[in-house]
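A closer look at the structure
What follows is the residue order along each chain.
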Amino acid sequence: MSNRIDFLDGMRGLAILMVIGYHAFSRWPALVPYGDSYQHVAIFKMGWLGVELFFLISGFVILMTLEKCDGIKTFVYRRWLRLFPGMLICSLLVFASQGFFLERPAGQVDAIHLIPGLTFMEPDILGKIFGHSFESLEGAYWSLYVEFKFYIFAAIVYFVAGRNILVLSLLAVYVMSVVSEQLVGYSQFLPLVLAHKISVVMTFEYFGWFAAGACFYIYFKERQNSWFIYGCVISAVSSIFVRHFTAYDIVGAWIISAIFALSLVSRLAQRVLVARVFLFFGFISYPLYLIHENAMIAMIIKLGKLDAGYNGLLYPILPVLVLCAVAYVIAKYGERNIKLLLVSSIAKCKLVVLKQDKAV
């Protein structure tokens with residue numbers, strides 16, 4: 001178990017490094033001082049696939065977590081308790097600091113826009129519910145909305161129908177998403193249109209990655225080669241339909257899938273992933289993911305205004321170091337203390353309710 005957690009933490013470190021590289025060098029060429037000089041460098045251009053790597057990890061870890069829970073309520077509570085403290089701290093930090101980062105690509109936002117992140121609900125869905133326009137504080141929050149829908153879906157299916165049906169269900173809704181996306185432009189057949197709308201709302205287009213991760217977990221636990229093959233096939237298919245459907249994207253997604261699969265069977269790959277640099281970034285990956293994009297780009301733009309003649313590759317170094325330090329403090333102290341406070345507060349509330357029930 002220790003080795004498993006270690007190399008998965010290292011995988012998270014690799015994933016966040018990919019995302020940071022993408023945002024720093026490829027996502028905002030019109031804003032950064034070095035323009036598009038590095039936009040098409042493969043390691044940066046394909047960095048967005050770090051999110052798909054996070055989804056593979058999530059499929060693996062969530063099935064493992066489900067097996068340790070005794071019901072939907074326990075599972076959802078544990079996942080909320082894992083994600084909410086970091087989201088609370090990072091959201092408040094991003095909102096409070098935006099005045100120092102006027103160059104933020106996302107611009108300045110009002111306090112009401114804290115709600116999507118803190119509820120893990122997409123702005124569009126909240127807008128339809130409350131009749132008000134919402135925005136995310138950070139563009140990166142989109143993947144957390146996908147994750148939370150996956151948690152709810154996985155918990156319901158797992159505790160109602162079991163592990164194998166969960167994997168089949170994840171694969172089924174993913175296939176439904178792909179097929180409906182490809183056909184809805186040619187037919188307005190009502191069931192097809194309905195399937196497409198459901199797939200879009202639930203973001204089933206990413207559930208193939210979760211299904212593959214779940215298969216890889218079962219293989220890792222039981223060492224049945226068939227599950228490893230299932231994971232490889234599902235992740236390979238998910239790669240084909242990733243993003244813009246180009247050969248470049250597909251090959252990049254295949255590489256990411258291969259790296260994950262290799263880490264399950266190769267001790268050498270595991271030793272690479274437990275290198276200190278990957279473990280460090282894995283440890284801070286969640287808060288760093290939540291705070292990095294807008295603040296990093298804003299700081300790079302500020303450095304560009306100094307006109308110091310730096311090599312373009314050097315501009316992100318100082319911003320990333322600053323953000324890593326902040327993320328470390330959040331991961332090391334902030335998340336833990338908020339979690340303890342929440343657990344204590346919830347326990348006290350339960351005690352009060354229990355006393356009131358007894359008094360009645």
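Treat the numbers as computed from the prediction; the structure is a model and nothing was measured.

With that out of the way, let us pick up the layout of surface pockets. Size it by volume and the largest pocket reaches roughly 1100 Å³. Lining the largest pocket are 35 residues, with Arg12, Arg79, Arg82, Leu83 and Tyr286 positioned closest to its centre. Where the lining of the largest pocket is concerned, the elements lending two or more residues are α1 (2-25), α3 (49-66), α4 (72-97), α7 (142-161), α14 (276-283), α15 (285-305) and α16 (317-359). Per-element accounting of the lining of the largest pocket gives the leading share, nine residues, to α3. Among the residues forming the lining of the largest pocket, the class breakdown is 20 nonpolar, five polar and 10 charged. Reported here for the second largest pocket is a volume of approximately 760 Å³. Elements represented by at least two residues in the lining of the second largest pocket include exactly α1, α3, α8 (163-183), α9 (190-202) and α15. Looking at the lining of the second largest pocket element by element, the count peaks at six residues for α8. A class-by-class count of the residues in the lining of the second largest pocket yields 19 nonpolar, nine polar and six charged.

With that settled, the discussion passes to α14. Among the residues of α14, those classed as buried are Phe278, Phe281 and Gly282. Projected down its long axis, α14 shows its buried positions confined to an angular sector of 105 degrees, all on one face.

Further remarks concern the nonpolar core. Grouped together as the largest cluster of nonpolar side chains are 112 residues, with contacts concentrated most on Leu53 and Phe260. The residues touching Phe260, leaving out its near neighbours within four places in the chain, are Leu8, Met11, Leu53, Leu56, Ile57, Phe60 and Phe216.

Below, the discussion takes up the pattern of salt bridges. Evaluation of the coordinates by the stated rule reveals eight salt bridges. For the salt bridge of Glu67 with Lys221, the shortest nitrogen-to-oxygen distance reads 3.0 Å. In this pair, Glu67 sits in the loop between α3 and α4 while Lys221 sits in helix α10 (residues 207-222), placing the two residues 154 residues apart along the sequence. The partly exposed category is assigned to Lys221, whose relative accessible area is 44%. One salt bridge connects Arg104 with Glu138, and the closest N-O pair in it is separated by 3.4 Å. Residue Arg104 is found in the loop between α4 and α5 (115-119), and its partner Glu138 is found in the loop between α6 (123-130) and α7; the two are separated by 34 residues along the sequence. As far as the burial class goes, Arg104 and Glu138 line up, both buried.

This part takes up unusual backbone geometry. The phi angle at Phe120 is positive, at roughly 60 degrees, despite the residue not being glycine. Relative to the assigned elements, Phe120 resides in the loop between α5 and α6. Taking relative accessible area as the criterion, Phe120 reaches 3% and is therefore assigned buried. Residue Arg223 is not a glycine yet carries a positive backbone phi of 60 degrees. Relative to the assigned elements, Arg223 resides in the loop between α10 and α11 (225-240). The exposure class of Arg223 is partly exposed, given its relative accessible area of 44%.

Cut-off values and rules
- Residues numbered from 1 in each chain as written.
- Predicted model: local features only at pLDDT ≥ 70, side-chain atom pairs only at ≥ 80, totals over all residues.
- Heavy atoms only, no water.
- 1 Å grid on protein atoms, 1.4 Å probe; cavity = no way out; pocket = protein on both sides within 12 Å on 5 of 7 lines; lining within 4 Å.
- Points joined across faces, edges and corners; volume = space filled by probe spheres on them.
- Helix = DSSP H or I, 4+ residues; strand = E, 2+ residues; numbered from the N terminus.
- Nonpolar A, V, L, I, M, F, W, Y, C, P; charged D, E, K, R; others polar.
- Buried < 20%, exposed > 50% of the residue type's maximum accessible area, 1.4 Å probe, protein only.
- Arc of directions from axis to C-beta.
- Core = buried A, V, L, I, M, F, W, Y, C linked by side-chain atoms within 4.5 Å.
- Contact = heavy atoms within 4.5 Å.
- Salt bridge = Lys/Arg side-chain N within 4 Å of Asp/Glu carboxyl O.

Worth remembering: the numbers are spatial, not functional.
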